[in-house]
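The primary structure of each chain is shown beneath.
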Amino acid sequence: MILNKHNPLSLKSWKLLESNFGKNAQKKITDYFSEDSDRVKKLSLQWESFYVDYSKNLLDQETLDLLLALAEESGLNQAISDYFEGKKINETEKRAVLHTALRQLNPRTIMVDGQNITPKIEEVKKQMYDFADGVISGKWKGYTGKEITHIVNIGIGGSDLGPAMVTEALKFYNNHLQVTFVSNVEGDHVEEEIKKIDPEKTLFVIVSKTFTTQETLSNANTIKKWFLSHAPVSAISNHFVAVSNSLEKVIEFGIASENILPMNEWIGGRFSLWSTGGLSICLAIGPKNFEDLLQGAGKMDEHFRTADFKENMPVILALITIWYNNFWGVETEAIIPYSQYLKNLPSYLQQAIMESNGKGVDQNGNPVDYQTGNIIWGASGTNAQHAFFQLMHQGTKMIPADFIGFAKPLNQDNDHHDKLISNFFAQTQALMQGKSAEILREELTLQGKSHEEIEAILPFKIFEGNRPSNTLFIEQLTPANLGSLIALYEHRIFVQGIIWNIYSYDQWGVELGKQLANNILKDFDSKKIDHHDPSTHQLIEHYKKFRS
Ligand code: F6P
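Rules and cut-offs
Residues numbered from 1 in each chain as written. Predicted model: local features only at pLDDT ≥ 70, side-chain atom pairs only at ≥ 80, totals over all residues. Heavy atoms only, no water. Phe/Tyr/Trp six-rings, centres within 6.5 Å; stacked < 30°, edge-to-face > 60°. Helix = DSSP H or I, 4+ residues; strand = E, 2+ residues; numbered from the N terminus. Buried < 20%, exposed > 50% of the residue type's maximum accessible area, 1.4 Å probe, protein only. Lys NZ or Arg CZ within 6 Å of the ring centre and 35° of its normal. Domains from an automatic or database assignment. Contact = heavy atoms within 4.5 Å. Buried area = accessible area lost by both parts, 1.4 Å probe. Salt bridge = Lys/Arg side-chain N within 4 Å of Asp/Glu carboxyl O. Polar contact = N/O pair within 3.5 Å; in protein donor to acceptor, adjacent residues only side chain to side chain. Pairing = 2+ DSSP bridges. Right-handed = clockwise from strand over helix to strand, strands pointing away. Near = heavy atom within 4 Å. Areas by Shrake-Rupley, 256 points an atom, 1.4 Å probe, with all protein chains shown as cover. Nonpolar A, V, L, I, M, F, W, Y, C, P; charged D, E, K, R; others polar. Axes fitted to C-alpha atoms, helices over the stretch in contact; angles between N-to-C directions. Parallel < 35°, antiparallel > 145°, perpendicular 65-115°, else oblique. Left-handed = near helix turned anticlockwise from the far one by under 90°.

Where do I start with the packing of aromatic side chains in this structure?
Within a pair of aromatic rings, the relevant descriptors are the distance that separates the centres and the angle that separates the planes. In this structure the tally under the stated criterion is 30 aromatic pairs. Between Phe424 and Phe473 the ring centres are 5.5 Å apart and the planes differ by 50°, which places this aromatic pair in the tilted class. In this pair, Phe424 is assigned in helix α16 (residues 414–433) and Phe473 in strand β13 (residues 469–476), connecting sequence segments 49 residues apart. No difference in accessibility class separates Phe424 from Phe473, as the two residues are buried. One aromatic cluster is present, formed by Tyr338, Trp377, Phe388, Phe389, Phe403, Phe424, Phe425 and Phe473 through successive ring pairs. Across from the ring centre of Phe33, 5.2 Å away, lies the NZ or CZ of Arg39, which sits over that ring.

Looking at this model, I keep getting lost on the domain arrangement of the protein chain. Mind explaining?
Buried accessible area, meaning the area lost when the parts come together, often serves as the stated size of an interface. Along its sequence, the protein chain is organised into domain 1 (8–73 + 307–433 + 468–506), domain 2 (101–287) and domain 3 (509–547). Taken over C-alpha atoms, the centre of domain 1 sits 33 Å from the centre of domain 2. Domain 1 puts 27 residues into the contact, and the matching count from domain 2 is 18 residues. Interface area for domain 1 against domain 2, summed over the two sides, is near 1900 Å², with a carbon-plus-sulfur share of 66%. For the pair domain 1 and domain 2, the number of links is three salt bridges. With its nearest N and O atoms 3.7 Å apart, the salt bridge here joins Glu168 to Lys343. Between the two partners, domain 1 and domain 2, sit nine residue pairs in polar contact (both at pLDDT 80 or more). Sorting the residues of the side of domain 1 that touches domain 2 by element identifies α14 (345–357) and α19 (479–500) as the ones contributing at least two each.

Help me understand the pairing of strand β8 (residues 240–244), please; the structure alone is not making it clear to me.
Each regular strand displays side chains that alternate between the two surfaces of the sheet. Among the five residues that make up β8, five are buried, leaving the element largely enclosed by the rest of the structure. The sheet contact formed by strand β7 (residues 202–207) and β8 spans four bridges and is parallel. Each bridged residue has a counterpart across the sheet, and for Ile206 the counterpart in β8 is Ala242. One ladder, built from three bridges, connects β8 with strand β9 (residues 260–262); its direction is parallel. Of the residues in β9, the one forming a bridge with Ser244 is Pro262. For the handedness criterion, the β-α-β arrangement of β8, helix α11 (residues 247–253) and β9 is classed as right-handed.

Quick question: what am I supposed to make of the site of the ligand here?
Contacts to the ligand come from 14 residues, most closely from Gly158, Ser208, Thr210, Thr213 and Glu355. For the ligand, an oxygen atom lies 2.6 Å from a polar atom in the side chain of Ser208. Alone, the ligand offers 390 Å² of accessible surface; in the complex the protein occludes 87% of this. Classifying every residue of the shell around the ligand gives two nonpolar, nine polar and three charged.

Quick question: what am I supposed to make of the sheet that holds strand β5 (residues 150–154) here?
Each strand in a sheet pairs with its neighbour through backbone hydrogen bonds, running either in the same direction (parallel) or in the opposite one (antiparallel). Within the open sheet, the five strands sit side by side as β6-β5-β7-β8-β9. Their pairing is parallel. Lying at the two open borders of the sheet, with one neighbouring strand each, are β6 (178–182) and β9. With direction set aside, neighbouring strand axes in the sheet form an average angle of 20°. Across the sheet, helix α8 (residues 187–196) is in contact with β5 and β6; its angle to β6 comes to roughly 160°. Sitting on the sheet, helix α12 (residues 279–306) touches β5, β6, β7, β8 and β9, and the angle it makes with β7 is about 145°.

It is not clear to me how the packing of helix α17 (residues 437–446) against helix α18 (residues 451–461) should be interpreted in this structure. Could you clarify?
Each pair of packed helices can be described by the angle between their axes along with the distance between the axes. Where α17 contacts α18, the axes come no closer than 10 Å and their chain directions differ by 130°. Considering the angle they form, α17 stands oblique to α18. Judged by the sense of rotation from one axis to the other, the crossing of α17 with α18 is right-handed. Residue-level inspection shows Ala437, Leu440, Arg441, Leu444 and Thr445 of α17 in contact with α18, the latter providing Ile454, Glu455, Ile457, Leu458 and Lys461. Per-class residue counts for the contact of α17 with α18 are six nonpolar, one polar and three charged.

Where do I start with the pairing of β6 in this structure?
Where burial is concerned, most of β6 is hidden: four out of the five residues are buried. Direction of pairing for β5 relative to β6: parallel, over a ladder of five bridges. Along β6, the bridge assignment pairs Asn153 with Phe181. With respect to chirality, the unit in which β5 leads through helix α7 (residues 161–169) into the neighbouring parallel β6 is right-handed.

Teacher, can you tell me more about the packing of α12 against α19 here?
Packing of α12 against α19 brings their axes to within 7 Å, and their N-to-C directions diverge by 40°. It follows that α12 is oblique to α19 by the angle criterion. When you trace α12 past α19, the crossing you get is right-handed. Every residue of α19 that contacts α12 at Asn289, Asp292, Leu293, Gly296, Ala297, Met300, Asp301 and Phe304 is listed here: Pro479, Ala480, Leu482, Gly483, Ser484, Ala487, Leu488, His491, Phe494 and Val495. Broken down by class, the residue content of the contact of α12 with α19 amounts to 11 nonpolar, five polar and two charged.

See below:
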C-alpha cells in the first residue's frame, strides 16, 4: 500500500468542517470583510510573480484551519513525497507519476524500477532540442530541399490539448513555424487541415503514447496517404516524426526509429506536454522558451513540495474547491482567463481535472459516498462576460470561479489593458458585492424614475452577490509563468485526489466508449445487427440509410 487509504468522511477535521459550515452558512463574504480589516492580507499569497487573492470566498480563518487540518489528516505530506520520489501512486496501472521529473530545477536521482531516470530524461530532452533547432534553423529540409514552415500535430486528448493550449498561449513567442493541430476522428477536421498545407514544407508530428488511439491513427493514415499521393515513400523520413512509448507500432506505421522520440510510461497523457509530447510547442517557441516553461513548472513544484500548507498555493486552492464541492454542494467551477492567449486553458483543464478526478470509486475499490471531481468549464474574459456571466451573477447556481489575469500586457497598449484589467477586477467585485434594492432605488430615483417604475423593475435588477471567486494575478504571460500556472493546477488536482482518496492518474472511464464504438463500427457493414439495445440498433439502421 502506498497512499493513505482513508475515508475522508471519517476524519475528525471533516466532521468539524461540517459543523463550521452549519454555523457559517448564512454569513456573507462581505460580513467576513467587515469582521476583519486584515482579511485581504491574511487571505492572499504572493509567490514569485504570482499574487493570489482568495479573500472573496465563503470562509473564515477557522474554516481554513480546518481545511488545512483535513490536508494533514489525509496524509498529504507523505503523499507529496511519494509523488515526487516516483512511488507507483498510479496503483491501478502500476505506474509512477513523474511529469515533475521532467522539470527538475536541480536534477537529482529518481529511481523507477531500479533505474535512475534523470540521465535519460536529459538525454532525450537534448535530442528533442537538437531536432527542434534543426527544423527552426532550416537545416532540416523537406524532400525537395525546401525548409519546413508548417507543423501539423496529430494527436488527441493529452497528446493534443496540452500542446495546443500552450502553443496558443505562447503565440507571442512563436517563431516562423506555423503549428496546427488535428485531433478529431471526423474526416472534415483532417481534410480542412490538409487544404492549408504544402507537402514539401510540412512536418507531421504524430503524438500518441500508446500508438493505438483510433483518432490519431486514422488521421495519421489519412495524412500519410495524402502525402504519398504527392511524394515518394522515401520522403516520409523528411516529413514524419513520432512521439510514443510504443516504438514497434510506430515503426510498423512506417516511421524509422531515428525519427521517433520516446515518451515514458510514467508520464500520463494529460501531463505529457513537458515531455517529448510537447515537441510541437518546442518547435513553435524554440528550446530556450521551452526550457523556461519547464523551469517555471519546476519552481512551482518546489513551492508545492516545500512550502508550508498555509502558504502553499496549490494546497490552498485545492482546499477551497473541496470546501465548495463537499460542504456547499457546488458542482461546477469556472475558469476565466482574462487573456485571449489563454482561451484554450479551460478545455485543457477540463481534461486535466475531470479525467483525473472524475472517479466514483475510492482507493479501496469501494463506491464513494461523497462528491469527487468538480465540473470545469469557462472561457476567456471579457468574451465570457457577454456569454454566460448573466447566469453567474443572477442565476440560481453558485459557481465559484478562478479569474486569471496578467498585470503587464505583451503588446504594449495601456488603453486596452486598463480596460481589460478593470473588467477583470470588476467582475469579482460584482460577484461578491452584488447590488442591493436600496442602492438601486437611489440610482433609479436620481435617473428621474417614478416610484411605481422603480418598484416594478427592482426585482430584476437586484444582484444578490455573495458569489465566490479566486483571483490569480500574475505579472506577465511568459513561458516560465505559464509553466508555473499549469503546474499549480496539476498539483491542485493531486491534492484533491488525495483528500478524496481516489486514484487521479488512471482513466478507465474512457475505455467503454472506445470498445463499444469498435463494436458499432463493425456493424455498419454487417447484414444482421442483433446485439445492441433497441435505441442504438435503430440509430445504426438509420445511419445505414445515409452511408454511401
Ligand atoms: O482519452 C483517453 C486517453 O488515454 C488520454 O488520457 C490520452 O491523453 C489520450 O487518450 C491519447 O492517448 P495516446 O497518447 O495514447 O494516443
